[in-house]
Amino acid sequence: DGMVYTFESEINTWSGVIEATDPCDQLKSQITNTNYQAKIVDLKGKTTLKKESGYMQKTDDSYHQLTNVGSDQLKFVIDATTVGFLHTHLDEYDTGTYDNEGNSIINQPIKMFSPADVKSFILLLINANKNNIPLSDVYGTMVSTKGVYQLRFEGSHADINLGINFDGLDEKYKKYFIKINNIEKAFSLFLKEQISIEGIKLFKINSNGTTEKKSLDINNKLESIPCQ
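All residue numbers refer to positions counted from 1 along the written sequence of the respective chain. Since the coordinates come from a predicted model, pLDDT governs what is reported: local features require at least 70, and pairs of side-chain atoms require 80 or more to be given and counted, while whole-chain, interface and lining totals use all residues. Derived side-chain values reflect all non-hydrogen atoms in the structure, with water molecules and hydrogen atoms excluded from consideration.

Considerations on helix 3 (residues 115-130)
Argument step 1. The end-to-end C-alpha distance of helix 3, which contains 16 residues, comes to 23 Å, matching closely the 22 Å that a straight helix rising 1.5 Å per residue would cover.
Argument step 2. Only protein chains enter the accessibility calculation, which uses a 1.4 Å probe. A residue is then buried if its area is under 20% of the maximum for its type, exposed if over 50%, and partly exposed in between. A run of H or I in DSSP counts as a helix once it spans at least four residues, and a run of E counts as a strand once it spans at least two, with each numbered from the N terminus. Among the residues of helix 3, Pro115, Asp117, Val118, Ser120, Phe121, Ile122, Leu124, Leu125, Asn127 and Ala128 are the ones counted as buried.
Argument step 3. The contact criterion used throughout is that any non-hydrogen atoms of two residues lie within 4.5 Å. Check the buried side of helix 3 and you find it contacts strand 7 (82-88), strand 10 (139-144), strand 11 (147-153), helix 4 (169-179), helix 5 (183-195) and strand 12 (200-205).
Argument step 4. Where helix 3 ends, the next residue or the one after it, Asn132, has phi of about 55°, a positive value. Expected span, for any helix, means 1.5 Å times one less than how many residues it has.

Spelled out as structure tokens, the structure:
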């Protein structure tokens, strides 16, 4: 989705693709795509299940169902043409198991991107760079009864920190949501303090089709900036 520019001078000729990098533009285009919308509607109807559901998207605009390998785990195989993923985070549900005192164990999934989701998104960015897919095309979507959220990237490949240790991040992640009531703020702080990749941005896609970027100001106050 780039504009091709050619600059000529007496000394040399340069031509290259300048990519569209504004996630708001990418989101506007995506949410009017009937294929994408159909998948969102489908996933909205599956948040009450006991297993996550999801799709991956390829560069040819085709969608492929992800297989489930656990109640909160989907098998996501990235190939040279993968650009994004969409998946559910479930409502709380009775697991059908009991603790030592005979109480039902209720699973209460966090309705926001998990550390594993962030890792998948970063791997998609690395994969896109390797396969000449614009980084601005890459996305991850999470559908839950708390809302539809998306990760997009505004930076360059040089900004991507390859040294993040995802082992043990789950416990740190959960603490943000115990401490902070607002899931958007909790996740934004987790991103800032534990992932530290400046270009990764969180967006909320509202049911009326509007979108807004969620970001922290210098005092860690959550800001909602509507896409124009």
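After that view, the rundown keeps rolling.
What about the state of the cysteines?
Argument step 1. Criterion for a disulfide: a pair of cysteine sulfur atoms within 2.5 Å. Counted under the stated rule, the structure contains one disulfide.
Argument step 2. The disulfide that involves Cys24 links it to Cys227, with 2.0 Å between the sulfurs. Torsion about the S-S bond of the Cys24 and Cys227 cystine: about -70°, corresponding to left-handed handedness. Here Cys24, found in helix 1 (residues 23-31), pairs with Cys227, found in the segment after strand 14 (222-226); they are 203 residues apart in sequence, far enough to count as distant. Of the two residues, Cys24 and Cys227, both sit in the buried class.

Quick word on the confidence of the model for the protein chain
Argument step 1. For the protein chain, the mean per-residue pLDDT works out to 86, and 88% of the residues sit at or above 70.
Argument step 2. Note: pLDDT gives the predictor's confidence per residue, expressed from 0 to 100. When the criterion is pLDDT under 50, residues 1-20 qualifies, and its contacts beyond four places in sequence or with other chains add up to 26 contacts.

What to know about the environment of Gly84
Argument step 1. Structurally, Gly84 can be placed in strand 7.
Argument step 2. Here Gly84 falls in the buried class, since its relative accessible area comes to 0%.
Argument step 3. Along the chain, Gly84 and Phe121 lie 37 residues apart, while their C-alpha atoms are 7.8 Å from each other.
Argument step 4. Once residues within four sequence positions are removed from consideration, Gly84 is found in contact with Tyr55, Met56, Gln57, Phe76, Leu124 and Tyr139.

Quick look at the pattern of salt bridges
Argument step 1. By convention in these notes, a salt bridge is any Lys or Arg side-chain nitrogen within 4 Å of a carboxyl oxygen on Asp or Glu. Evaluated as defined, the whole model comprises seven salt bridges.
Argument step 2. A salt bridge links Lys174 to Glu171; the shortest N-O distance between them is 3.5 Å. With a gap of three residues between them, Lys174 and Glu171 both fall in helix 4, about one helical turn apart.
Argument step 3. A salt bridge links Glu212 to Lys214; its shortest N-O distance comes to 3.3 Å.
Argument step 4. According to the relative accessible area criterion, Glu212 is buried, its value standing at 17%.
Argument step 5. Relative accessible area serves as the criterion here: at 7%, Lys214 is assigned to the buried category.

Quick look at the pairing of strand 10
Argument step 1. Across the six residues that make up strand 10, a large majority, six, are buried.
Argument step 2. A two-sided burial pattern is seen for strand 10, the buried positions comprising Tyr139, Thr141 and Val143 on one face and Gly140, Met142 and Ser144 on the other.
Argument step 3. Whether two strands pair depends on DSSP finding at least two bridges between them. Here strand 7 runs beside strand 10; their pairing, made up of five bridges, is parallel. Its bridge partner being in strand 10, Leu86 is matched across the sheet by Thr141.
Argument step 4. Bridge count for strand 10 against strand 11 is five bridges, and the pairing is antiparallel.

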